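Coordinate analysis (summary)
Listed below are the residues making up each chain.
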Amino acid sequence: MTVKVLVVDDSSFFRRRVSEIINADPRLEVIGNAVNGKEAVELVQKLQPDVITMDIEMPVMDGITAVREIMKVLPTPILMFSSLTQEGAKATLDALDAGALDFLPKKFEDIARNRDEAISLLQKRVGELARKRMFMRRPLRTTPAVAPVSRHSAPVNAALTREAALTTAARTTTARVTPTSTTRQTMHSAVAAKPMARFKASGKKYQLMAIGTSTGGPVALQKILTQLPANFPYPIVLVQHMPATFTAAFAARLNNLSKISVKEAEDGDTLRAGVAYLAPGGKQMMLEGRPGSARLRILDGGDRMNYKPCVDVTFGSAAKVYSDKVLSMILTGMGADGREGARMLKTHGSTVWAQDEDSCVVYGMPQAVAKAGISTEDLPLERFAERILVEVGL
């Protein structure tokens with residue numbers, strides 16, 4: 001089935017350019033264009049697209065407001081186009097809070113190393129996001145999880161409510177069955193009335209928690225980190241595929257919303273309990289030293305690396321320093337980054353969990369880990385924090 005796309009941008013040149021790229025893929029079709037957010041909201045109800053591409057800055061109604069309105073009238077996967085500036089970073093994170101699923105730089109030369117690669121990436125992102133449409137629009141019997149109260153009294157996050165609505169609290173923690181699209185609704189309705197499965201601690205001892213993610217990761221990380229207490233007993237390292245200009249703003253946002261401390265990692269940082277260190281965009285983050293006095297090394301990304309930062313790099317170095325004392329997780333994301341790093345952690349005796357398919361924006365990275373038999377548990381996003389707290393004895 002062809003994926004129907006609505007393109008929203010006040011620039012006729014950009015609308016035409018994006019439309020040409022999308023229509024060049026036989027699996028995709030642009031069914032309409034909108035010049036501002038107000039027109040986009042109206043066309044969404046009329047055309048019911050599978051995916052929307054959305055600019056942020058537009059007249060009449062901006063992209064962030066349009067995302068909020070669309071999530072109210074007809075929840076639809078939205079890909080935002082953003083400028084790679086500090087202001088662009090904040091606006092993009094606001095759009096993700098409002099309910100958008102993903103973003104790409106508006107300048108195509110910032111997306112990839114060459115034009116063909118950038119075109120392929122855009123087409124692939126649109127196709128991947130289309131798969132979430134059925135989950136965003138299906139009716140649920142369960143009540144979405146209540147968003148945590150931050151130490152800064154932040155407002156309830158619309159994206160967290162949306163993510164909670166993508167899963168049911170009643171799913172078992174280790175199910176690996178992948179239902180077909182025709183059986184998903186039946187299974188969802190059947191499990192909705194079952195009691196919530198209780199977690200049990202494994203008894204393992206840890207000294208570090210590590211999380212790797214990509215597409216959909218900002219909302220997933222926020223969902224988890226905001227539920228951790230200030231006295232969390234271990235340092236946390238975070239690897240999120242994100243442009244260099246975005247990571248500082250994202251770390252600051254997480255820090256404001258969370259009880260733990262969150263910072264963009266710096267070269268030489270000594271890992272401290274209750275602090276989460278976000279790998280800076282465009283760089284690689286490695287751990288060195290010994291448990292209890294380990295430090296971070298922030299290195300040049302390297303031209304040969306596909307991901308900067310790279311989950312495999314950080315996880316691999318964590319395995320060397322902490323051996324079997326790492327509680328690690330692979331969350332939503334495209335591709336397979338993290339699989340080899342997670343394999344190293346498992347080989348050393350550490351624990352690896354993966355996000356389940358239904359709660360992922362893109363089931364790529366977690367699927368790679370699950371298919372390789374590396375993860376021991378596959379969890380819905382809304383239950384990660386609960387599972388973590390049980391595991392570490394809080």
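Owing to the predicted nature of the structure, the values given are computational and were not obtained by experimental measurement.

So, about the confidence of the model for the protein. Looking at the protein as a whole, the pLDDT averages 86, with 84% of positions reaching at least 70. Segment residues 140-194: pLDDT under 50, and 113 contacts once partners within four positions in sequence are set aside and those in other chains are kept.

What follows covers the sheet that holds strand β12 (residues 326-330). Strand order across the open sheet formed by seven strands is β8-β9-β7-β6-β12-β13-β14, with parallel pairing between neighbours. Looking at the sheet topology across the chains shown, the edges are occupied by β8 (261-264) and β14 (377-379). Between one strand and the next, the sheet's axes are offset by a mean angle of 20°, whatever the strand orientation. Each of β6 (208-213), β7 (236-240) and β12 is contacted by helix α11 (residues 311-322), which is oriented at about 165° to β6, the strand it contacts most.

This part is about the environment of Ile70. Looking at the secondary structure, you find Ile70 in helix α3 (residues 63-73). The exposure class assigned to Ile70 is buried, which follows from its relative accessible area of 0%. With 29 residues separating them in the primary sequence, Ile70 and Val41 have C-alpha atoms 5.8 Å apart. What Ile70 contacts, discounting residues up to four positions off in sequence, is Val41, Val44, Ile52, Met54, Pro75, Thr76 and Ile78.

Let us look at the packing of aromatic side chains. Going through the model one piece at a time under the given rule, you end up with four aromatic pairs. Pairing Phe103 with Phe246 gives two aromatic rings, centres 5.1 Å apart and planes at 15°, and the pair type is stacked. Of the two residues, Phe103 sits in strand β5 (residues 102-105) while Phe246 sits in helix α10 (residues 244-257), which places them 143 residues apart along the sequence. Under the relative-accessibility criterion, Phe103 is labelled buried at 9%.

With that out of the way, let us pick up helix α2 (residues 37-47). Taken as a whole, α2 has its buried residues at Gly37, Ala40, Val41, Leu43 and Val44. The secondary structure elements touched by the buried residues of α2 are β1 (3-8), β2 (28-34), β3 (51-55) and α3. Regarding α2, its N-cap is Asn36, as a side-chain oxygen of that residue lies 3.1 Å from the backbone nitrogen of Lys38 further along.

Going through the model one piece at a time under the given rule, you end up with one cavity of 30 Å³ or more. Roughly 40 Å³ of volume is contained in the largest cavity. Lining the largest cavity we find Leu93, Leu96, Asp97, Pro218, Val219, Gln222, Phe250 and Arg253. Of all the secondary-structure elements, those providing two or more residues to the lining of the largest cavity are α4 (86-98), α9 (217-225) and α10.

For the rest of this paragraph, the subject is the sheet that holds strand β4 (residues 78-82). Strand order in the open sheet formed by five strands is β2-β1-β3-β4-β5, with parallel pairing between adjacent strands. Each of the sheet's edge strands pairs with one partner strand only, and the pair in question is β2 and β5. Each neighbouring strand pair of the sheet contributes to a mean axis angle of 25°, computed without reference to strand direction. In terms of strand pairing, β1 meets β3 through four bridges, oriented parallel. Pairing of Val5 across the sheet is with Val51, part of β3. Strand contacts of helix α1 (residues 12-23): β1, β2, β3 and β4, with the helix running at about 165° to β2, the strand carrying the most contacts.

This part covers the pattern of salt bridges. A full pass over the atoms with the stated rule returns 22 salt bridges. In this structure, Asp50 engages Arg133 in a salt bridge whose closest nitrogen and oxygen atoms are separated by 3.1 Å. Taken together, the residues span a long stretch of sequence, with Asp50 in the loop between α2 and β3 and Arg133 in helix α6 (residues 133-137) at a distance of 83 residues. The partner of Glu386 in a salt bridge is Arg383, with the nearest N and O atoms 2.9 Å apart. Counted as one network, the salt bridges with shared partners bring together Lys90, Asp94, Asp97 and Arg253.

Calculation notes
- Residues numbered from 1 in each chain as written.
- Predicted model: local features only at pLDDT ≥ 70, side-chain atom pairs only at ≥ 80, totals over all residues.
- Heavy atoms only, no water.
- pLDDT = per-residue confidence, 0-100.
- Contact = heavy atoms within 4.5 Å.
- Pairing = 2+ DSSP bridges.
- Helix = DSSP H or I, 4+ residues; strand = E, 2+ residues; numbered from the N terminus.
- Axes fitted to C-alpha atoms, helices over the stretch in contact; angles between N-to-C directions.
- Buried < 20%, exposed > 50% of the residue type's maximum accessible area, 1.4 Å probe, protein only.
- Phe/Tyr/Trp six-rings, centres within 6.5 Å; stacked < 30°, edge-to-face > 60°.
- Polar contact = N/O pair within 3.5 Å; in protein donor to acceptor, adjacent residues only side chain to side chain.
- 1 Å grid on protein atoms, 1.4 Å probe; cavity = no way out; pocket = protein on both sides within 12 Å on 5 of 7 lines; lining within 4 Å.
- Points joined across faces, edges and corners; volume = space filled by probe spheres on them.
- Salt bridge = Lys/Arg side-chain N within 4 Å of Asp/Glu carboxyl O.

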